[in-house]
Amino acid sequence: MKFLYTIAFLLVTFQGCAQKNAFERFHITPAQELTEENIQSLKIINEKMDVVGVATAVYLNKVEPKVYKKYEYFYIYLYNKNKNEQATFSLNGVPAFIAENLSANNEFTHLTSFKSKWNNYYFVKFQKQDGILHLKVTLGKNSSTFLFKKDQ
């Protein structure tokens, strides 16, 4: 009889946990979910292996494919230790033809829920490319490269 009560108690206890998972408490939208799958962050280091910046890139073509389809679009936010150095962007060796500087509170902020005054925010647009995308962020002589795989 004790065995039956133990089994019944364990079944009732674990049955209460079966309907829940860790993601229920986050309350994220479908667009934020896609952003989490298509976001990358990298440190930009110099030749002395010191961190000179941190860049985060969201590949917008996969987040909102109905809106962003004609070109390659990225939302990039960047912390740059040296505010005098201008950031440049290239995709597979081709420079961006639009790199629009955005405010901290912009149309893409809701995707990442991140905004701070010390970062620079960019909407970057490139010509359409095939295969793996090598997005390069350069600060002065220093750079980092993100790799994004396109759907074929």
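Residues numbered from 1 in each chain as written. Predicted model: local features only at pLDDT ≥ 70, side-chain atom pairs only at ≥ 80, totals over all residues. Heavy atoms only, no water.

Caption draft 1: The nonpolar core, seen in detail. If you look at the biggest cluster of nonpolar residues, it comprises 20 residues, and the most contacted ones within it are Phe74, Ile76, Leu78, Phe89, Leu135 and Phe148. With residues up to four places along the chain from it excluded, the contact list for Leu78 reads Ile44, Val54, Ala55, Ala87, Trp118, Asn119, Asn120, Tyr122, Val137 and Leu139. Formed by 13 residues, the second largest nonpolar core is a distinct cluster that contains Val58, Val63, Leu102 and Tyr121. (Core = buried A, V, L, I, M, F, W, Y, C linked by side-chain atoms within 4.5 Å. Buried < 20%, exposed > 50% of the residue type's maximum accessible area, 1.4 Å probe, protein only. Contact = heavy atoms within 4.5 Å.)

Caption draft 2: Local environment of the packing of aromatic side chains. Scanning the entire structure with this criterion turns up 17 aromatic pairs. Judged by centre distance (6.2 Å) and plane angle (50 degrees), the rings of Tyr68 and Phe108 are tilted. Note that Tyr68 is positioned in the loop between α3 (60-63) and β3 (72-80) and Phe108 in the loop between β6 (98-102) and α4 (109-112), a separation of 40 residues in sequence. Aromatic side chains Phe108 and Phe123 sit 5.5 Å apart centroid to centroid with 10 degrees between the ring planes, which places their arrangement in the stacked category. Of the two residues, Phe108 sits in the loop between β6 and α4 while Phe123 sits in strand β7 (residues 120-126), which places them 15 residues apart along the sequence. Assigned by exposure class, Phe108 and Phe123 land together as buried. Counting every residue linked through ring pairs, the aromatic cluster contains Tyr68, Tyr71, Tyr73, Tyr75, Tyr77, Phe97, Phe108, Tyr121 and Phe123. (Phe/Tyr/Trp six-rings, centres within 6.5 Å; stacked < 30°, edge-to-face > 60°. Helix = DSSP H or I, 4+ residues; strand = E, 2+ residues; numbered from the N terminus.)

Caption draft 3: Up close: the sheet that holds strand β4 (residues 87-91). Read across the sheet, four strands follow the order β5-β4-β8-β9 without closing on themselves; strand pairing throughout is antiparallel. For this open sheet the edge positions go to β5 (94-95) and β9 (142-149), each flanked by a neighbour on one side alone. Bridging between β4 and strand β8 (residues 132-139) involves five bridges; their strand directions are antiparallel. Across the sheet, residue Leu91 finds its bridge partner in β8, namely Leu135. (Pairing = 2+ DSSP bridges.)

Caption draft 4: Representation of the side chain of Ser116 in the model. Turning to its location among the elements, Ser116 is positioned in the loop between α4 and β7. Leaving out residues up to four positions away in the same chain, Ser116 has contacts with Ala104 and Tyr121.

Caption draft 5: Representation of the pairing of β9 in the model. Every second residue of β9 is oriented toward a common face, the buried set being Asn142, Ser144, Phe146 and Phe148 and the non-buried set Ser143, Thr145, Leu147 and Lys149. Two strands pair when backbone bridges link them, and β8 and β9 are joined in this way by eight bridges, in the antiparallel orientation. Bridged to His134 within β9 is Leu147. Counting the residues that bridge the hairpin from β8 to β9 gives two residues, and of these Gly140 lies at a positive phi of roughly 65 degrees.

Caption draft 6: The sheet that holds β3, seen in detail. Across the sheet, five strands lie side by side as β1-β2-β3-β7-β6; this open sheet has antiparallel pairing. Of all strands in the sheet, those bounded by a partner on one side alone are β1 (39-45) and β6. With direction set aside, neighbouring strand axes in the sheet form an average angle of 25 degrees. Across seven bridges, β1 lies against strand β2 (residues 51-59) in antiparallel orientation. (Axes fitted to C-alpha atoms, helices over the stretch in contact; angles between N-to-C directions.)

Caption draft 7: Layout of the confidence of the model for the protein chain. Per-chain confidence: the protein chain averages 83 in pLDDT, with 82% of residues scoring 70 or above. Of all secondary-structure elements in the protein chain, the lowest mean pLDDT belongs to helix α1 (residues 2-18), at 66, while β7 reaches the highest, 95. (pLDDT = per-residue confidence, 0-100.)

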